[in-house]
Amino acid sequence: MYGKSSFINRISKKNSLEVGNRPGVTTKKQWIRLSKNIELLDTPGVLWPKFENDEIGLNLAFTGAIKDDILDIEEIAFYLLKYLITNELRLLCSKYNLSEEDVKKRLEEQDENEVVIEVQEAIGRAKGALISRTAE
Ligand SMILES: Nc1nc2c(ncn2[C@@H]2O[C@H](COP(=O)(O)OP(=O)(O)OP(=O)(O)O)[C@@H](O)[C@H]2O)c(=O)[nH]1
Ligand SMILES: [Mg+2]
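These numbers come from a predicted model, not from an experiment.

Cut-offs and rules
- Per chain, residue numbering runs from 1 following the sequence as it is written.
- Think of it this way: whatever chain is written first is A, whatever ligand is written first is 1, and the rest follow in order.
- Two thresholds apply to this predicted model, a pLDDT of at least 70 for residue-level local features and 80 or more for giving and counting side-chain atom pairs, whereas whole-chain, interface and lining totals are computed over all residues.
- Only hydrogens and water are set aside when side-chain values are computed; all heavy atoms of the structure are taken into account.
- By the convention used here, strands pair only if DSSP detects at least 2 bridges between them.
- Going along the chain from the N terminus, every DSSP run of H or I of four or more residues is numbered as a helix, and every run of E of two or more is numbered as a strand.
- For this analysis, a ring pair means two rings from Phe, Tyr or Trp (six-membered ring only for Trp) whose centres lie within 6.5 Å, classed as stacked if their planes differ by under 30 degrees, edge-to-face if by over 60, and tilted for the remaining angles.
- The rule is simple: take the accessible area with a 1.4 Å probe, protein chains only, and divide by the maximum for that residue type; under 20% is buried, over 50% is exposed, in between is partly exposed.
- Contacts are residue-level and defined by heavy atoms, with any inter-residue pair within 4.5 Å sufficient.
- Here a residue is considered near a molecule or strand provided that any single heavy atom belonging to it is located within 4 Å of it.
- As used in this structure description, the phrase polar contact means that two N or O atoms lie within 3.5 Å; if the pair is within protein, one of them must be able to donate a hydrogen and the other to accept it, and residues adjacent in sequence are counted only when both atoms belong to side chains.
- For every accessible area listed, the method is Shrake-Rupley and the probe measures 1.4 Å; residues are considered covered only by the protein chains on display.
- Detection works on a 1 Å grid of protein atoms alone, calling trapped sets that fit a 1.4 Å probe cavities and calling open sets with protein on both sides within 12 Å along at least five of seven lines pockets, with lining residues defined by an atom within 4 Å of a point.
- Think of it this way: a molecule belongs to a cavity or pocket when more than half its atoms come within 2 Å of the grid points there.
- Throughout this entry, Asp, Glu, Lys and Arg are counted as charged residues, while Ala, Val, Leu, Ile, Met, Phe, Trp, Tyr, Cys and Pro are counted as nonpolar. The remaining residues, Gly among them, count as polar.
- Counted as donors are N, O and S atoms no farther than 2.8 Å from the metal, or 3.2 Å for Na, K and Ca; water is not among the atoms, and sites may therefore look incomplete.
- Grid points are joined across faces, edges and corners, and a volume is the space filled by probe spheres set on the points.
- Domain segmentation is taken from an automatic or database assignment of domains.

Some remarks on the pairing of strand 1 (residues 30-33)
Logical step 1: Here four bridges tie strand 1 to strand 2 (residues 39-42), and the two strands are oriented antiparallel to one another. Each bridged residue has a counterpart across the sheet, and for Ile32 the counterpart in strand 2 is Leu40.
Logical step 2: Here strand 1 folds back onto strand 2 in antiparallel fashion, the turn holding five residues.

Side note on the packing of aromatic side chains
Logical step 1: This structure, assessed with the given rule, holds one aromatic pair.
Logical step 2: For the ring pair Phe78 and Tyr79, a centre distance of 5.3 Å and an interplane angle of 90 degrees mean the geometry is edge-to-face.
Logical step 3: Tyr79 sits in the partly exposed class, given a relative accessible area of 32%.

Structural notes on the side chain of Glu100
Logical step 1: One can find Glu100 in helix 5 (residues 100-109).
Logical step 2: Apart from the residues within four sequence positions on either side, Glu100 is in contact with Leu89, Arg90 and Cys93.

What to know about the site of ligand 1
Logical step 1: By nearness alone, 15 residues border ligand 1, and Lys4, Ser5, Ser6, Val25 and Thr26 come closest of all.
Logical step 2: Between an oxygen atom of ligand 1 and a side-chain N or O atom of Thr26, the distance comes to 2.7 Å.
Logical step 3: The backbone of Gly45 places a nitrogen or oxygen atom 3.0 Å from an oxygen atom of ligand 1.
Logical step 4: Within the complex, 62% of the 660 Å² of free accessible area of ligand 1 lies under protein.
Logical step 5: One can see that ligand 1 is located within the largest pocket.
Logical step 6: Of the residues in the shell around ligand 1, the class split is five nonpolar, eight polar and two charged.

Remarks on the coordination of the magnesium ion (ligand 2)
Logical step 1: Summarising the metal site, the magnesium ion (ligand 2) is bound by the protein donors Ser5 (OG) and Thr26 (OG1), whose distances to it range over 1.9 to 2.1 Å. Remark: Thr26 occurs in the loop between helix 1 (4-12) and strand 1 and Ser5 occurs in helix 1; sequence separation between them is 21 residues. We note that Ser5, like Thr26, is buried.

Regarding the layout of surface pockets
Empty space left among the atoms is revealed by rolling a probe the size of a water molecule over them.
Logical step 1: Looking at the largest pocket, its volume works out to about 1,100 Å³.
Logical step 2: Around the largest pocket, the lining comprises 38 residues; the ones closest to its centre are Arg22, Pro23, Gly64, Ala65 and Ile66.
Logical step 3: Elements with a minimum of two residues in the lining of the largest pocket: helix 1, helix 2 (54-62) and helix 3 (73-87).
Logical step 4: Tallying contributions element by element places helix 3 first for the lining of the largest pocket, with six residues.
Logical step 5: Its residues assigned to classes, the lining of the largest pocket comprises 21 nonpolar, twelve polar and five charged.
Logical step 6: Looking at the lining of the largest pocket, you find at least three residues from each of domain 1 (4-42) and domain 2 (71-126).

In structure tokens, the structure reads:
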């Protein structure tokens, strides 16, 4: 959940709390006085130390709720794309200008994971984000 610190900044009309477009910006608890009788406590976002299953962790990672440096970004991207292919194929194809028919046909003929990689490559190509591996 985001916006705890932003919310307190706004209603206190002070900008005393640090906010940021990434998880884990607030690191310690801090009381902010709104009026003589009201104080609000800003706290770091709290997540369970351990997730019951990988799916919960992945879903949180997709939304940016988990710090990047403890994640394998390539793995997250792969599972997000797999989720989108399964659940939001039309939107995915229209965003990246891919042929929905073509992806569906591939899904019938090939292994699903293979199709995910192919779609990932097609998106990379469409965005001009593929680089040559020959330098490695
Ligand atoms: N669109 C939108 N963005 C918001 C809103 N409130 C906060 N944000 C943005 O969300 C991001 C996170 O906001 P924070 O206030 O730092 O969130 P937080 O809950 O304090 O997060 P942590 O301290 O890291 O646990 C910032 O980039 C804010 O600008 C809102 O109401 N709408
Ligand atoms: Mg905060």
